[in-house]
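Structural description and commentary
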Amino acid sequence: SSPQREVFVSRGAFIFAAIGSAVGLGNIWRFPYVTYENGGGAFIIPYLVALLTAGIPLLFFYYAMGHRSRGSAPLAHRMAHKGAEPIGWFATGVAIVIGIYYAAIIAWAGSYMFFSLTEAWGDDSEGFFFGEYLKMGDPGISLEFVPGVLIPIIIVWVVVLAILLMGVQNGIANFSKIFIPLLIILFLALVVRSLFLPGAAEGLNALFTPDFKELANPKVWIAAYGQIFFSLSIAFGIMITYASYLKKKTNLTGSGLVVGFSNSAFEILAGIGIFAALGFMATAQGVEVGDVATDGIGLAFVGFPTLISEMPGGGIFGFVFFACLVFAGLTSLISIIQVPIQALRDKFRVGNKASTAWIVGSMAVVSILLMPTITGLYALDTMDAFANNIGIVGSAILSIVVVGWAMRKLPIFSRHLNAVSSFRLGPIWMTLISITGVVLVYMLITQIITFVSDGYEGYPPLITGVYGWGMIGLLVVGSIVLTLIRWPKETIDEMEAAI
Ligand code: PHE
Ligand code: NA
C-alpha cells in the first residue's frame, strides 16, 4: 500500500504555500494594467467588491471541500456526490494546461535575468524578443525547435521536479517560506528605486486617477472578477489540494483572510512600482504613459527591456525584476502541479514520489515539445486565454452549481469551517457564493459568445481549434473517462476515515 498522506506541519507552512501560489505573474504583470485600463483609481471599487464577495468566499468554499474530504480535487468532488467527480478532473485538467505553459514564461524570465546584465536586446527589444529569442514563425503548428528556449525550460522542469520530490512540507512549504520573503524584499527594492526615477509621479497619476464613469461598464466588473479569480488561484483545484494537507483542527477562515489580503497588498505594491517605472519611461521618451503601458508578455519582455536600457544602473534593476518573475512564477507553478500529483495518487494509489515523477515527467515532455518551438507563443497565448476565461470560470460554476446548489453542501461546509475557525460564516456567506455563481454564468456566456464570433487575437482557426476549443474538449472527455475508473479500496477507506 502507498505511504501516508502528506501534511503541512503548521498553519504557517500552509499560509506560506498558499501565498506562494497566489502571488505570481498575475500580480506583477496583470493587475497594474488591468487597473489602468478599467477606470484607474475607480477600479478599486469593483476590485474590492470582487475580492470580498467572490474571491475570499470562494477560497473558504474550496478550503472546506479539501479539508473535509482530505482529498484531491476529483476525490473532494466525488465526496460531495458521485456525479460531481468529473468537475474535479476538469479543474485538474485546467491546472495541467496552465502548468504546461506557465513553465515557459518562467524559462523566458530566467533567460532575461542574464540578458539584462548585458542589455542583449540592443536598441530593439521587440525584434529581439520575438525574432531573435523566440524565433517566431507564422501562426500555425510546427515542431521546429528554438534552442534558446529549450535549455531554460528544461532547467525549470528539473527544478520543479526536485522541489516536488521533497514533498509537500519539505519541498513546497519550505521553498515558499524562503522565496516569498525574498521576493517581497527584492520587489520592495525595485519599487523604491522606481519611485525615485524622474517621471514616477506621472505614472502614478496615470494609474490612480479615477474614472468613475467606467463603473457603469459591465466589462470593468468582469475584469475585476477575472483578476481576483486568477490572482487568488481559485478553481484550479489548488486550494482543495492544499487544504487537504492540513491538520484536523486548523483555523481555515483566518488563514483565508491572511492569504487574500496579502495577495492584494502585493498587487497594489506591484501597481505602484510598475507604473512609477512606466512614468519614467514615458517621460524619457516624451510620450504619454498610456503609450508605453501594456500588460503581460509585452510589458515584461518588450516594455521592461526598453526601460532597463534607458535607466541608469538598468542592468541590475532588470536582473532583479526578472528574478522576481522567476521566484513568483516558480512558487505558483509548483502549486499547480501538485493538483494532478495528488489526483493521480488518490485514484491510482501510486506512492507520493512515483506520482510526482509521473506527473512532472509527462507534463515536462508536453511542455518541452510544445513551448520552445517557433509557434510556441501562439499555443501559449491561446491556451492561456481559453484555460482562464472558459476553463476556470466553467470549473467554478460547476462546483458552485452542483456541489453548492444541487447537493446543498453550503450549510455543511459553513458548519465545518465554523467548527475550526476564528472568523464565522453564515447565511451571508452562502448568499455571496450563490450570487457569485450567477455572475460567473454571465461572464462565461459573454466570453463564449466573444470567442465564437470574433475568434481569438485573429489567430487562424487551426490554432484556436486545437489549443483552444480542442484543449477544452479534451479536458471534458478526459474528465469523463477518468471518472469511469473505479476508486481503489484504500482511498475509499482513507476518505471514510476522514469524515
Ligand atoms: N495566482 C497566480 C498569479 O496571480 C497565477 C496562478 C494561476 C497560479 C493558476 C497558480 C495557478 O499569478
Ligand atoms: Na496573484
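Look up: the structure comes first, before these words.
This write-up is about the structure you can find in this document. Each residue is numbered by its place in its chain's sequence as written, counting from 1. Each chain gets a letter, beginning with A, and each ligand a number, beginning with 1, in the order they are written. Restriction of local features to residues with pLDDT of at least 70 applies here, the model being predicted, together with a cutoff of 80 or more for giving and counting side-chain atom pairs; totals for whole chains, interfaces and linings are based on all residues. To obtain the side-chain values, all non-hydrogen atoms of the structure were included, while hydrogens and water were left out.

**As for the overall build of the protein chain**
So the rule is basically this: Each helix corresponds to a stretch of at least 4 residues labelled H or I by DSSP, and each strand to a stretch of at least 2 residues labelled E; elements are numbered beginning at the N terminus. C-alpha atoms define the radius of gyration in this analysis, and the globule rule sets the expected value at 2.2 Å times the number of residues to the power 0.38. For every residue, the accessible area (1.4 Å probe, protein chains only) is compared with the maximum for its type, and the residue is labelled buried under 20%, exposed over 50%, or partly exposed between those bounds. Contacts between residues were defined by any pair of non-hydrogen atoms, one from each residue, lying within 4.5 Å. Here the Shrake-Rupley method, with its probe set to 1.4 Å, supplies the accessible areas, and only the displayed protein chains count as covering residues. Only four residue types enter the tally: Lys and Arg on the positive side, Asp and Glu on the negative side; His and the chain ends are excluded. Every charge is mapped to an atom, namely NZ of Lys, CZ of Arg, CG of Asp or CD of Glu.
Helix and strand counts for the protein chain stand at 21 helices and zero strands. Scaling as 2.2 N^0.38, a compact globule of 499 residues should have a C-alpha radius of gyration of about 23 Å, and the protein chain matches this with 22 Å. The buried share of the protein chain, reckoned over its 499 residues, is 61%. The long-range fraction of contacts in the protein chain, counting pairs at least 24 apart against all pairs at least 6 apart in sequence, stands at 85%. For the protein chain, the accessible area works out to roughly 18400 Å², and carbon and sulfur atoms hold 69% of it. Across the protein chain, the centroid of the 25 positively charged side chains sits 25 Å from that of the 27 negatively charged ones.

**Quick look at the site of ligand 1**
Convention followed: Being near a molecule or strand, for a residue, comes down to having at least one heavy atom within 4 Å of it. By the criterion applied in these results, polar contacts are pairs of N or O atoms within 3.5 Å in which, for protein atoms, one can donate a hydrogen and the other can accept it, and in which residues neighboring in sequence qualify only through two side-chain atoms. Here the term charged refers only to Asp, Glu, Lys and Arg, the term nonpolar to Ala, Val, Leu, Ile, Met, Phe, Trp, Tyr, Cys and Pro, and the term polar to all other amino acids, Gly among them.
Ligand 1 sits among 14 residues. The nearest are Ala22, Leu25, Gly26, Phe230 and Ser233. Measuring from an oxygen atom of ligand 1, one finds a side-chain N or O atom of Asn27 at 3.0 Å. In this structure, Ser231 approaches ligand 1 through a main-chain N or O atom, which is 3.0 Å from a nitrogen atom. Of all the elements in the fold, those that place two or more residues in the shell around ligand 1 are α1 (11-22), α2 (25-37), α10 (218-231) and α15 (314-348). A total of three residues in the shell around ligand 1 trace back to one element, the largest contributor, which is α2. Of the residues contributing to the shell around ligand 1, the split by class is seven nonpolar, seven polar and no charged.

**Brief notes about unusual backbone geometry**
For Lys135, which is not glycine, the phi torsion reads 50 degrees and is therefore positive. By secondary structure assignment, the location of Lys135 is in the loop between α6 (125-133) and α7 (147-165). Residue Lys135 is classed as partly exposed on the basis of its relative accessible area, which comes to 45%. Phi at Arg408 takes a positive value of approximately 50 degrees, unusual for a residue other than glycine. In this fold, Arg408 is placed in the loop between α17 (376-406) and α18 (410-420).

**Quick word on the environment of Gly468**
Take Gly468: it is sitting in helix α20 (residues 461-484). Taking the C-alpha atoms as reference, Gly468 lies 5.8 Å from Thr382; in sequence the two are 86 residues apart.

**Some thoughts on the packing of helix α5 (residues 85-118) against helix α16 (residues 352-370)**
Packed helices, taken two at a time, are described by their axes: the angle between them and the distance between them. Our working definition: Axes here mean lines fitted to C-alpha atoms, for a helix over just the part in contact, with angles spanning 0 to 180 degrees between N-to-C directions. Angle categories: roughly parallel below 35 degrees, roughly antiparallel above 145, roughly perpendicular from 65 to 115, and oblique for all the rest. In a left-handed crossing the near helix is turned counterclockwise from the far helix by less than a right angle, and in a right-handed crossing that turn is clockwise.
Between α5 and α16, the least distance of the axes is 9 Å, while the angle of their chain directions is 55 degrees. Of the possible angle classes, the one that applies to α5 and α16 is oblique. In terms of crossing hand, the pair formed by α5 and α16 is right-handed. Here Ile96, Gly99, Ile100 and Ala103 of α5 come into contact with α16, specifically with Met363, Val366 and Ser367. Split into classes, the residues belonging to the contact of α5 with α16 amount to five nonpolar, two polar and no charged.

**Description of helix α3 (residues 44-69)**
Convention followed: Helix span, as expected, comes to 1.5 Å for every residue beyond the first. Each residue is assigned a bend, namely the angle between axes fitted to the seven residues that terminate at it and the seven residues that start at it.
A rise of 1.5 Å per residue sets the reference length of α3, with its 26 residues, at 38 Å; its end C-alpha atoms lie 36 Å apart and thus fit the reference within 8%. The largest bend in α3 amounts to roughly 40 degrees and is located at Leu51. With its phi angle positive at about 50 degrees, Arg70 sits one or two positions after the end of α3.

**Observations concerning a nonpolar patch on the surface**
So the rule is basically this: Here a patch means residues that are over 30% exposed by relative accessible area and free of salt bridges, tied together within 9 Å if like-charged and within 5 Å if nonpolar (Val, Leu, Ile, Met, Phe, Trp, Tyr). Any carboxyl oxygen of Asp or Glu that lies within 4 Å of a side-chain nitrogen of Lys or Arg is treated as forming a salt bridge with it.
The grouping of Ile44, Ile45, Leu48, Val49, Leu52, Phe208, Phe212, Phe261 and Ile268 at the surface amounts to a nonpolar patch, some 740 Å² of accessible area in total. Going through the elements one at a time, α3 and α12 (252-285) are the ones with two or more residues in the nonpolar patch. Residue contributions to the nonpolar patch peak at five residues, all from α3. Mapped onto the fold, Val49 is located in helix α3.

**Here we look at the pattern of salt bridges**
When the charged atoms of two side chains lie near each other, side chains of opposite charge can form a pair. Overall, the coordinates contain seven salt bridges when judged by the stated rule. Residues Asp211 and Lys213 are paired through a salt bridge, measuring 3.0 Å at the closest nitrogen-oxygen approach. In this structure Asp211 comes out as partly exposed when scored by relative accessible area, which is 27%. Through salt bridges with shared partners, one network takes in Arg345, Asp346, Arg349 and Glu494.

**Concerning the nonpolar core**
Going by this rule: For this analysis, a nonpolar core means a set of buried residues of the types Ala, Val, Leu, Ile, Met, Phe, Trp, Tyr and Cys, connected via side-chain atoms within 4.5 Å.
By size, the foremost hydrophobic cluster in this structure holds 176 residues, and its most contacted members are Trp108 and Phe301. In this structure Phe301 touches Trp29, Ile105, Trp108, Ala109, Tyr112, Ser125, Phe129 and Phe322, once residues within four positions along its chain are discounted. Membership of the second largest hydrophobic core comes to five residues, among which are Met79, Trp487, Ile492 and Met495.

**Digging into the coordination of the sodium ion (ligand 2)**
To be explicit about the condition: Donor atoms are limited to N, O and S found within 2.8 Å of the metal ion, a distance that becomes 3.2 Å for Na, K and Ca. With water left out, some sites might look partial. By the criteria applied here, four donors are tetrahedral when all angles lie between 85 and 135 degrees, four are square planar and six octahedral when opposite donors are over 155 degrees apart and every other angle lies between 65 and 115, and any other arrangement is irregular.
Surrounding the sodium ion (ligand 2) are the protein donor atoms Ala22 (O), Asn27 (OD1), Ser231 (O), Ser231 (OG) and Asn263 (OD1), at 2.2 to 2.7 Å. One way to put it: the six donor atoms around the sodium ion (ligand 2) meet at angles of 80 to 176 degrees, and that makes the site octahedral. Spacing between the donor residues of the sodium ion (ligand 2) along the chain follows A-x4-N-x203-S-x31-N. Highlighted residues: Ser231 in helix α10 and Asn263 in helix α12, separated in sequence by 32 residues. Both residues of the pair, Ser231 and Asn263, count as buried.

**Brief notes about the environment of Asp346**
Among the secondary structure elements, Asp346 is positioned in helix α15. Separated by 150 residues in the primary sequence, Asp346 and Phe196 have C-alpha atoms spaced 52 Å apart. In this structure Asp346 touches Arg5, Gly71, Ser72, Leu75, Trp487, Pro488 and Thr491, once residues within four positions along its chain are discounted. Separated by 3.3 Å, the side chains of Asp346 and Arg345 make a polar contact.

**Some details on the packing of α7 against α16**
Viewed as axis vectors pointing N to C, α7 and α16 meet at an angle of 165 degrees, and their least axial separation amounts to 10 Å. Put simply, α7 runs roughly antiparallel to α16. The way α7 lies across α16 gives a crossing that is right-handed. Listed contacts from α16 to Leu150, Ile153, Ile154, Trp157, Val160, Leu161, Leu164 and Leu165 of α7 are Lys353, Thr356, Ala357, Val360, Met363, Ala364, Ser367 and Ile368. Grouping the amino acids of the contact of α7 with α16 by side-chain chemistry returns 13 nonpolar, two polar and one charged.

**Concerning the side chain of Gln342**
Relative to the helices and strands, Gln342 is located in helix α15. Look at Gln342 and you get buried, because its relative accessible area is 2%. With residues up to four places along the chain from it excluded, the contact list for Gln342 reads Arg5, Ser72, Thr241 and Tyr245.

Note that every value here comes from positions in space, so none of it alone points to a role or purpose.
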